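# Examining the three-dimensional arrangement
Here is how the chains run, residue by residue.
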Amino acid sequence: MQPVLIKQIAVGPMANFSYLIVDTGTKKAAYVDPGFESEKVMAVATKEAWQIEKILLTHTHFDHIQELETAYQKLKVPVYVHGFEISAIEEMGVSVKAVATDEIIKVGNLSVKCLHMPGHTPGMICYLVENHLITGDVLFVDGCGRVDLPGSSPEKMFETLKRLTQMPDDIIVYPGHDYGPKPTDTLGHQKKTNPYLAAAAQGKDYFFGVRGV
Ligand SMILES: [Fe+2]
């Protein structure tokens, strides 16, 4: 096992989480979702002598990118986002790279896998490193992201949640917002307590409330 550390940092007025994915062997790190309070997040890295070498975005809603330009100006490291949402970032004048589905991004010696998980937005990426899954606004502890926004798709969210029900129980979920009774949980426990995951496991008709006669 690689020496991965996921540092969860509560930021801003909307119960967001930013994350640092850290390779404790090399002290290289990636900064996920600079939504708010980027100075606070970067100060954590500085204090621990972690060197942020990449910025990863789960998606481009404002509460996940509001301080992207601020963080970029300080860090001058490449920004990664799914190609479906790259236009929103290109306008900012930062160095941005389009992430392909299942692409592996290196953070130090860690391999971070980019899982395309649409539904909340078209280009939502969940970042998987070993058994740690940063879920953005796909999955919250006991909740899931909204699907009534521009670009949302309830159908795609169903497929994404169903896919999550088929992933290993020992995965630890790191959500984009602190909306649940605790800040993280195992996917195995979420399969039991998260009503959206439980409904997705029952199939499409059940998920959309079509019970038949
Ligand atoms: Fe969002």
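Since we're looking at a predicted model, the values are computed, not measured.

### Let's talk about the nonpolar core
- Of all hydrophobic cores here, the largest spans 58 residues; its most connected members are Ile21, Ala29, Ala30, Tyr31, Val79 and Tyr127.
- Broken down by element, this core gets its largest block of residues, 5 residues, from strand E2 (residues 16–23).
- Contact partners of Ala30, with chain neighbours within four places excluded, come to Ile21, Ile52, Glu53, Lys54, Leu56, Val107 and Val112.

### Quick notes on the sheet that holds strand E1 (residues 4–11)
- What the 6 strands build is an open sheet, ordered E1-E2-E3-E4-E5-E6; its pairing is mixed. What marks the edges here is a single partner per strand, and that holds for E1 and strand E6 (96–99). For this sheet, the mean inter-axis angle between neighbouring strands, taken without regard to orientation, is 25°.
- Here 5 bridges tie strand E3 (residues 28–32) to strand E4 (residues 51–56), and the two strands are oriented parallel to one another. Opposite Val32, over in E4, you have Leu56 as the bridge partner.
- Here helix H1 (residues 38–48) sits on the sheet and contacts E1, E2, E3 and E4; the angle it forms with E1, its principal contact strand, is near 150°.
- Here helix H3 (residues 68–75) sits on the sheet and contacts E3, E4 and strand E5 (79–82); the angle it forms with E4, its principal contact strand, is near 145°.

### A look at the sheet that holds strand E10 (residues 132–136)
- Strand order in the open sheet formed by 6 strands is E7-E8-E9-E10-E13-E14, and the pairing between neighbours is mixed. A strand with exactly one partner marks an edge of an open sheet, and here the two such strands are strand E7 (104–107) and strand E14 (185–186).
- As defined by bridge partners, strand E8 (residues 110–116) adjoins strand E9 (residues 125–129) across 4 bridges and the pair is classed as antiparallel. Residue Leu115 lies in a different strand from E9, and its bridge partner there is Cys126.

### Quick notes on H3
- Those residues of H3 that fall on the buried side of the exposure criterion are Leu68, Ala71 and Tyr72. Projected onto a plane normal to the axis of H3, the buried residues spread over an arc of 100° and lie on a single side.
- Looking one or two places after H3, you find Lys76, whose phi comes out positive at around 50°.

### Looking at unusual backbone geometry
- Its identity is not glycine, yet Asp33 carries a phi of approximately 65°, on the positive side.
- Here Asp33 shows up in the loop between E3 and H1.
- Backbone geometry at Asp102 places phi at a positive 70°, although glycine is not the residue there.
- Mapped onto the secondary structure, Asp102 falls in the loop between E6 and E7.
- On the basis of neighbour count, Asp102 is assigned to the exposed category, with 10 C-beta atoms found within 10 Å.

### Some words on the environment of His82
- Relative to the helices and strands, His82 resides in strand E5.
- Counting along the chain gives 60 residues from His82 to Val22, while the straight-line C-alpha distance between them is 21 Å.
- Filtering out sequence-adjacent residues up to four positions away, His82 remains in contact with Ala98, Val99, His116, Gly123 and Ile125.

### Structural notes on the pairing of E7
- Residues Ile105 and Val107 of E7 are buried on one face, while the alternating residues Ile104 and Lys106, pointing to the opposite face, are not.
- Note that E7 and E8 share 4 bridges and pair antiparallel. Within the sheet, the bridge partner assigned to Ile104 lies in E8 and is Lys113.
- Linking E7 to E8, which pair antiparallel, is a turn of 2 residues; within it Gly108 sits at a positive phi near 60°.

The rules behind these values
Residues numbered from 1 in each chain as written. Predicted model: local features only at pLDDT ≥ 70, side-chain atom pairs only at ≥ 80, totals over all residues. Core = buried A, V, L, I, M, F, W, Y, C linked by C-beta atoms within 7 Å. Buried ≥ 20, exposed ≤ 12 C-beta atoms within 10 Å, placed from the backbone. Helix = DSSP H or I, 4+ residues; strand = E, 2+ residues; numbered from the N terminus. Contact = placed C-beta atoms within 7 Å. Pairing = 2+ DSSP bridges. Axes fitted to C-alpha atoms, helices over the stretch in contact; angles between N-to-C directions. Arc of directions from axis to C-beta.

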